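Per-entry structural report
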Amino acid sequence: MTTIPTDPDTGEFHRAPNHFTARITADGRDGWPVEPGRYRLVVSRACPWASRGLVVRRLLGLEDALSVAVADPIQDEKSWRFTLDPDGRDPVLGIRYLAEAYHAAEPDYDGGISVPAIVDVPSGRLVTNDYPRITLDLSTEWTAHHRPGAPDLYPENLRDEIDAINRRVHADVNAAVYEAGFATTRAAYTDAYDRLFACLDELSDRLEHRRYLVGDSITEADIRLFTTLVRFDAVYHGHFKCNRHKLTELPVLWAYARDLFQTPGFGDTVDFDHIKRHYYQVHEQINPTRIVPKGPDLTGWTRPHGREELGGRPFGDGTPPGPPPESERPDEPVVTGP
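The rules behind these values
- Residues numbered from 1 in each chain as written.
- Predicted model: local features only at pLDDT ≥ 70, side-chain atom pairs only at ≥ 80, totals over all residues.
- Heavy atoms only, no water.
- Helix = DSSP H or I, 4+ residues; strand = E, 2+ residues; numbered from the N terminus.
- Rg over C-alpha atoms; globule rule 2.2 N^0.38 Å.
- Buried < 20%, exposed > 50% of the residue type's maximum accessible area, 1.4 Å probe, protein only.
- Contact = heavy atoms within 4.5 Å.
- Areas by Shrake-Rupley, 256 points an atom, 1.4 Å probe, with all protein chains shown as cover.
- Core = buried A, V, L, I, M, F, W, Y, C linked by side-chain atoms within 4.5 Å.
- 1 Å grid on protein atoms, 1.4 Å probe; cavity = no way out; pocket = protein on both sides within 12 Å on 5 of 7 lines; lining within 4 Å.
- Points joined across faces, edges and corners; volume = space filled by probe spheres on them.
- Nonpolar A, V, L, I, M, F, W, Y, C, P; charged D, E, K, R; others polar.
- Phe/Tyr/Trp six-rings, centres within 6.5 Å; stacked < 30°, edge-to-face > 60°.
- Pairing = 2+ DSSP bridges.
- Axes fitted to C-alpha atoms, helices over the stretch in contact; angles between N-to-C directions.
- Polar contact = N/O pair within 3.5 Å; in protein donor to acceptor, adjacent residues only side chain to side chain.
- Salt bridge = Lys/Arg side-chain N within 4 Å of Asp/Glu carboxyl O.
- Lys, Arg positive; Asp, Glu negative; His and termini not counted.

Next up on the list: the overall build of the protein chain. Of the regular secondary structure elements, the protein chain holds 10 helices and 4 strands. Shown N-terminal to C-terminal, the secondary structure of the protein chain runs as helices and strands in the order β-α-β-α-β-β-α-α-α-α-α-α-α-α. At 19 Å, the protein chain has a C-alpha radius of gyration in line with the 20 Å of a compact globule built from 338 residues. By principal-axis analysis of the C-alpha atoms, the protein chain measures approximately 50 × 50 × 35 Å. Out of the 338 residues in the protein chain, the part that is buried amounts to 54%. Long-range pairs, those at least 24 residues apart, make up 71% of the contacts in the protein chain between residues at least 6 apart in sequence. Carbon and sulfur atoms form 49% of the exposed surface of the protein chain, whose accessible area is close to 14,400 Å².

Set out below in structure tokens:
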């Protein structure tokens, strides 16, 4: 069981700041130069923050340059572990727990162990767990290793608008679902709940007549919103008490989410089995029985969405990525009913 960092006085959930914020850059100014094959991206398919990295890596075609390690969705007292791999060790890093890379970087570190994380393979040291920066740097610093036809997910002329949308979505969607779910007072829960659905209503209005959040193609802003929306009905609606509406009851956002899910690089990184088992089995304070619900019915994710009528080009001047490597596909079918 993980400990949820909730303020005992206000009942508010506070996410710990990212402690390791070094950047991997083309010029290596932080001491970590971009080098294909040198680093390993550690993720959980259950985690929305980590899932951003999987989507961006796929869209940009960085599979050969940046390897990936997938942690077990069920944590123990040492947090993320590699029990999905033979002998319970990551085959590249040779470690049983992601915490080992954290302590290789800082032996006295006693904070949380989070994903996504990028580890330097030769030294075994954690480089960064700064999830907002990781995906932006994959887009802007790893360009020499992007696939031909990779989309521009963070175009320079749209960055101010993307950043503004990201700030709002982070505060009132990405983080708000957790703040509602982990709240221990009515006031803290109500504040998060109200902010969440006010923002979802605004996003519905924004997306009613435009296919994507910023510009006419997919950007970092869409990726950050998608990874919360795809978990909404499976987890946040019931488990986190975000139950004014299901995603499937919000016509614009439901069509928008299906549009992205059906776009190569999005749905093929999603593992609903990992998502459901993590939230319902790890958060024992919320779900002490640890029973994982059978629903919801997920087959609607593959139904037509009709958003092509709004125009737009998913990949801008680029092309869709090819299919994911066999070794990186979810073990279970991407979409199944209950």
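What follows covers the nonpolar core. Counting residues in hydrophobic clusters, the biggest one holds 101 residues, and the most contacted among them are Leu-98 and Leu-200. With 10 residues, helix 6 (residues 186–207) is the single largest residue contributor to this core. Ignoring anything within four residues of it in the chain, the contact list for Leu-200 reads Val-173, Leu-229, Phe-232, Leu-250 and Leu-253.

This brings us to the layout of surface pockets. One simple way to see leftover space: roll a probe sized like a water molecule over the atoms. Within this model, the second largest pocket holds a volume of roughly 340 Å³. Contributing to the lining of the second largest pocket are 16 residues, with Arg-45, Val-70, Asp-85, Ser-327 and Glu-328 lying nearest its centre. Ranked by the residues each element gives to the lining of the second largest pocket, the list is headed by strand 2 (residues 67–70), at 3 residues. Of the residues in the lining of the second largest pocket, the class split is 6 nonpolar, 2 polar and 8 charged.

So, on to the packing of aromatic side chains. With the rule as written, the count across this model stands at 24 aromatic pairs. The interplanar angle of 85° and the centroid separation of 6.2 Å between the aromatic rings of Phe-197 and Phe-232 together place this pair among those described as edge-to-face. You can see Phe-197 sitting in helix 6 and its partner Phe-232 sitting in helix 8 (residues 232–236), a full 35 residues away along the chain. Considered together, Phe-197 and Phe-232 belong to a single accessibility category, that of buried residues.

Let us now look at the sheet that holds strand 4 (residues 125–128). Across the sheet, 4 strands lie side by side as 2-1-3-4; this open sheet has mixed pairing. Here the strands that pair on one side only, and so sit at the sheet edges, are strand 2 and strand 4. If you compare each strand with its neighbour and ignore which way they point, the axes differ by 35° on average. Its contacts with the sheet put helix 1 (residues 48–60) on strand 1 (39–43) and strand 2, and the angle it makes with strand 1 is roughly 130°.

We now examine helix 10 (residues 272–282). For helix 10, a buried count of 9 out of 11 residues is recorded, marking the element as mostly surrounded by other parts of the structure. Here helix 10 has its buried residues at Phe-272, His-274, Ile-275, Lys-276, His-278, Tyr-279, Tyr-280, Gln-281 and Val-282. The elements touched by buried residues of helix 10 are helix 1, strand 2, helix 5 (176–182), helix 8 and helix 9 (251–261). Sitting at the amino-terminal end of helix 10 is Asp-271, which places a side-chain oxygen 3.1 Å from the backbone nitrogen of Asp-273.

So, on to the pattern of salt bridges. Evaluation of the coordinates by the stated rule reveals 24 salt bridges. For Arg-38, the salt bridge identified is with Glu-35, shortest N-O distance 3.3 Å. With a relative accessible area of 19%, Arg-38 lands in the buried category. On the basis of relative accessibility, which here comes to 33%, the residue Glu-35 falls in the partly exposed class. Between Arg-40 and Asp-90 there is a salt bridge, with its nearest N and O atoms 3.0 Å apart. Taken together, the residues span a long stretch of sequence, with Arg-40 in strand 1 and Asp-90 in the loop between strand 2 and helix 2 (99–105) at a distance of 50 residues.

When you line up the elements, Arg-147 lands in the loop between helix 3 (131–140) and helix 4 (159–174). In this structure, Arg-147 is buried with no salt-bridge partner, the nearest side chain bearing the opposite charge being Glu-63 at 6.7 Å. At 2.4 Å, the side chain of Arg-147 and the backbone oxygen of Thr-319 are in polar contact. When neighbours within four sequence positions are excluded, Arg-147 is seen to be in contact with Arg-58, Leu-59, Leu-60, Gly-61, Thr-319, Pro-320 and Pro-321.

In short, geometric facts, not functional conclusions.
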